[in-house]
Amino acid sequence: MGAQLLEQLSHPALTGISRPDLEQLTERLAPRQLAQAERLSYQRRGGPRRSGARSGVFHQKISNRERVLVAVLYQRRLCTMDVLADLLKVCRSSIGNAIRETRPLLEQAGHTSTPAPTGYRTAA
């Protein structure tokens, strides 16, 4: 996601929280996101990493920061997964995975979102 789009989507009118609060939330979730990513990799591998084997690192299409933003926007019912996918230029399943994996972390952090006053049906 481009920096300009990230800046636009993180506007408090869309997220329901101030930019500093969003940044603080993102920073608080970062260690949990790393632990979650390692746990998911462990499960996919079926065990610990093997020395000398390929690292098997798959680069995420959506950064952890973007995952938090997408989950917050979706929780607010600001728009659909299709709209978010269109904005970020990724497939709907990438958005779904990001939301599914980030939502429990937001709950653990005690973050709740209030519904947005307006919902958007298109990226425009």
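The preceding data block contains the structure.
The shown structure was predicted, so the numbers you read here are calculated from the model rather than taken from an experiment.

A. A look at helix α6 (residues 92–108). The end-to-end C-alpha distance of α6 is 25 Å, a good match for the 24 Å that 17 residues give at a rise of 1.5 Å each. Taking the largest bend as the criterion, α6 deviates by roughly 30 degrees, centred on Thr 102, and proline Pro 104 comes between one and four positions later. Buried within α6 are the following residues: Ser 94, Ile 95, Gly 96, Ala 98, Ile 99, Glu 101, Thr 102, Leu 105 and Leu 106. Structurally, α6 contributes buried residues whose contacts are with α3 (19–45), α4 (64–75) and α5 (81–88).

B. A look at the pattern of salt bridges. Here the structure, examined in full by the defined rule, presents five salt bridges. Between Arg 19 and Glu 7 there is a salt bridge whose closest N-O contact spans 3.4 Å. Residue Arg 19 is located in helix α3, and its partner Glu 7 is located in helix α1 (residues 3–9); the two are separated by twelve residues in the primary sequence. Using a relative accessible area of 31% as the deciding quantity, one classes Arg 19 as partly exposed. Here Glu 23 makes a salt bridge to Arg 65, at a shortest N to O gap of 3.8 Å. Placement of Glu 23 in helix α3 and of Arg 65 in helix α4 is noted, with a sequence separation of 42 residues between them. Residues participating in the shared-partner salt-bridge network are Arg 67, Arg 100 and Glu 101.

C. Broad picture of the environment of Ser 94. Tracing the chain through its elements places Ser 94 in helix α6. Put simply, Ser 94 and Lys 61 are 33 residues apart on the chain and 7.4 Å apart in space, counted from C-alpha to C-alpha.

D. Inspection of the packing of α3 against α4 at higher detail. Running from N to C, α3 and α4 cross one another at 115 degrees; their axes reach a closest spacing of 9 Å. In the packing of α3 onto α4, the handedness of the crossing is right-handed. Packed against α3, whose contacting residues are Leu 22, Glu 23, Leu 25, Thr 26, Leu 29, Gln 33 and Leu 34, the element α4 presents Asn 64, Arg 65, Arg 67, Val 68, Leu 69 and Val 72 at the interface.

E. The arrangement of the layout of surface pockets in detail. In this structure, the second largest pocket encloses a volume near 200 Å³. Residue lining of the second largest pocket: Leu 5, Gln 8, Leu 9, Leu 14, Leu 78, Cys 79, Val 83, Leu 87, Tyr 120, Thr 122, Ala 123 and Ala 124, and that is the complete set. If you list the elements that add at least two residues to the lining of the second largest pocket, you get α1 and α5. Of the residues forming the lining of the second largest pocket, the biggest block, three residues, is contributed by α1. Split into classes, the residues belonging to the lining of the second largest pocket amount to ten nonpolar, two polar and no charged.

F. Spotlight on the side chain of Arg 76. Its location among the elements puts Arg 76 in the loop between α4 and α5. Despite being buried, Arg 76 has no salt bridge partner; Asp 21 is the closest side chain of opposite charge, sitting 12 Å away.

G. Up close: α3. Between the first and last C-alpha of α3 there are 37 Å, a value that for 27 residues agrees with the 39 Å anticipated at 1.5 Å per step. Approximately 35 degrees is the largest bend angle found in α3, and it occurs at Ala 30, with the proline Pro 31 only one to four residues beyond. In this structure, the buried side of α3 is in contact with α2 (12–15), α4 and α6. Immediately downstream of α3, the backbone of Gly 46 shows phi near 85 degrees, a positive value.

Reading guide: rules and limits
Residues numbered from 1 in each chain as written. Predicted model: local features only at pLDDT ≥ 70, side-chain atom pairs only at ≥ 80, totals over all residues. Heavy atoms only, no water. Helix = DSSP H or I, 4+ residues; strand = E, 2+ residues; numbered from the N terminus. Expected span 1.5 Å × (residues − 1). Bend = angle between axes of the 7 residues up to and from the residue. Buried < 20%, exposed > 50% of the residue type's maximum accessible area, 1.4 Å probe, protein only. Contact = heavy atoms within 4.5 Å. Salt bridge = Lys/Arg side-chain N within 4 Å of Asp/Glu carboxyl O. Axes fitted to C-alpha atoms, helices over the stretch in contact; angles between N-to-C directions. Left-handed = near helix turned anticlockwise from the far one by under 90°. 1 Å grid on protein atoms, 1.4 Å probe; cavity = no way out; pocket = protein on both sides within 12 Å on 5 of 7 lines; lining within 4 Å. Points joined across faces, edges and corners; volume = space filled by probe spheres on them. Nonpolar A, V, L, I, M, F, W, Y, C, P; charged D, E, K, R; others polar. Lys, Arg positive; Asp, Glu negative; His and termini not counted.

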